[in-house]
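Listed here are the chains, written in short residue letters.
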Amino acid sequence: MIIVSACLAGKKCRYDGEHKEIQDVTELVAQGKAIAVCPEELGGLPTPRPPAENVDGKLITIDGKDVTLNYEKGAQMALEIALENSCTQALLKSKSPMCGLGKIYDGSFKGQLTDGDGEFTKLLKENGVQVKSCN
Ligand code: SF4
């Protein structure tokens, strides 16, 4: 089973209330081969919501609110869903402070990237799930 970012499967769960659908991902979910999760929503954040970035290890919204606990809770809940469903692979949305792999926004809110993984990505990797990134 594959765990996927829900926004890649057409769910309008991004901070701006939109999705980043990849049709093949949506079809995997429809066929029962993948499970879609949005860890930010699982962590109690509303949609739409102010964008957040990793600022020196804390998740901070563009208007200055610390949402680190929401990120930690949501990442943990999404990990539990992945493990309960024996997911060995993940396909996650690139650059996100939650789902990004290898590169994430750098905390300046200027669209600039830095090396790093999102909070959910980190947990998946720590638990032996192979993560790939797209879109
Ligand atoms: Fe949710 Fe991850 Fe998509 Fe952000 S990138 S909207 S946390 S599924």
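Just so it is clear, the model here is predicted, and its values are computed rather than measured.

Caption draft 1: Main features of the pattern of salt bridges. Scanning the entire structure with this criterion turns up six salt bridges. One salt bridge in this structure joins D115 and K103, with 2.6 Å as the shortest N-O distance. Within this pair, whereas D115 is found in strand β7 (residues 113-115), its partner K103 is found in strand β6 (residues 103-105), the two being separated by 12 residues in sequence.

Caption draft 2: Structural detail: the sheet that holds strand β1 (residues 2-5). The parallel open sheet is built from four strands, whose spatial order is β2-β1-β5-β8. What marks the edges here is a single partner per strand, and that holds for β2 (34-37) and β8 (130-134). Direction aside, the axes of adjacent strands within the sheet are offset by 25° on average. Bridge count between strand β5 (residues 89-93) and β8: five bridges; the pairing is parallel. Following the sheet pairing, K93 is matched in β8 by C134. This element, helix α4 (residues 119-126), spans β1, β2, β5 and β8 of the sheet and lies at about 165° to β5.

Caption draft 3: Region of the structure containing α4. Within α4, the full set of buried residues consists of E119, F120, T121, L123 and L124. Within two residues after α4, G128 carries a phi angle of roughly 80°, on the positive side.

Caption draft 4: Focus on the side chain of T68. Tracing the backbone through its elements, the reader meets T68 in helix α3 (residues 68-84). On the accessibility criterion, T68 (8% relative accessible area) is buried. If we skip the residues at most four places from it in the chain, T68 touches K58 and L59.

Caption draft 5: Seen up close, the nonpolar core. I3, Y71, A90, L92, F120 and L124 are the most contacted members of the largest nonpolar core, which totals 22 residues. Taken together, the elements giving at least two residues each to this core come down to β2, α3, β5 and α4. Considering every element that reaches this core, the biggest residue donor is α3, with five residues. Look past the residues within four positions of F120 in its chain and what remains in contact with it is I3, V37, P39, A75, A78, L79, L92, M98 and C99. V4, A9, L91 and C134 belong to the second largest nonpolar core, which has seven residues in total.

Caption draft 6: Inspection of the environment of K95 at higher detail. Along the chain, K95 turns up in the loop between β5 and β6. Taking the C-alpha atoms as reference points, K95 and G118, separated by 23 residues in sequence, lie 7.7 Å from one another. Not counting residues within four places of it along the chain, the set of residues in contact with K95 comprises G100, K103, I104, Y105 and L113.

Caption draft 7: Structural context of the packing of α3 against α4. Across the interface, α3 lies against α4 with an axial gap of 9 Å and an inter-helix angle of 40°. By the angle class used here, α3 and α4 are oblique. For the pair α3 and α4, the crossing hand works out as right-handed. Here Y71, A75, Q76, A78, L79 and A82 of α3 lie close against α4, whose contacting residues are E119, F120, L123 and L124. Of the residues assigned to the contact of α3 with α4, the class counts are eight nonpolar, one polar and one charged.

Rules and cut-offs
Residues numbered from 1 in each chain as written. Predicted model: local features only at pLDDT ≥ 70, side-chain atom pairs only at ≥ 80, totals over all residues. Heavy atoms only, no water. Salt bridge = Lys/Arg side-chain N within 4 Å of Asp/Glu carboxyl O. Helix = DSSP H or I, 4+ residues; strand = E, 2+ residues; numbered from the N terminus. Pairing = 2+ DSSP bridges. Axes fitted to C-alpha atoms, helices over the stretch in contact; angles between N-to-C directions. Contact = heavy atoms within 4.5 Å. Buried < 20%, exposed > 50% of the residue type's maximum accessible area, 1.4 Å probe, protein only. Core = buried A, V, L, I, M, F, W, Y, C linked by side-chain atoms within 4.5 Å. Parallel < 35°, antiparallel > 145°, perpendicular 65-115°, else oblique. Left-handed = near helix turned anticlockwise from the far one by under 90°. Nonpolar A, V, L, I, M, F, W, Y, C, P; charged D, E, K, R; others polar.

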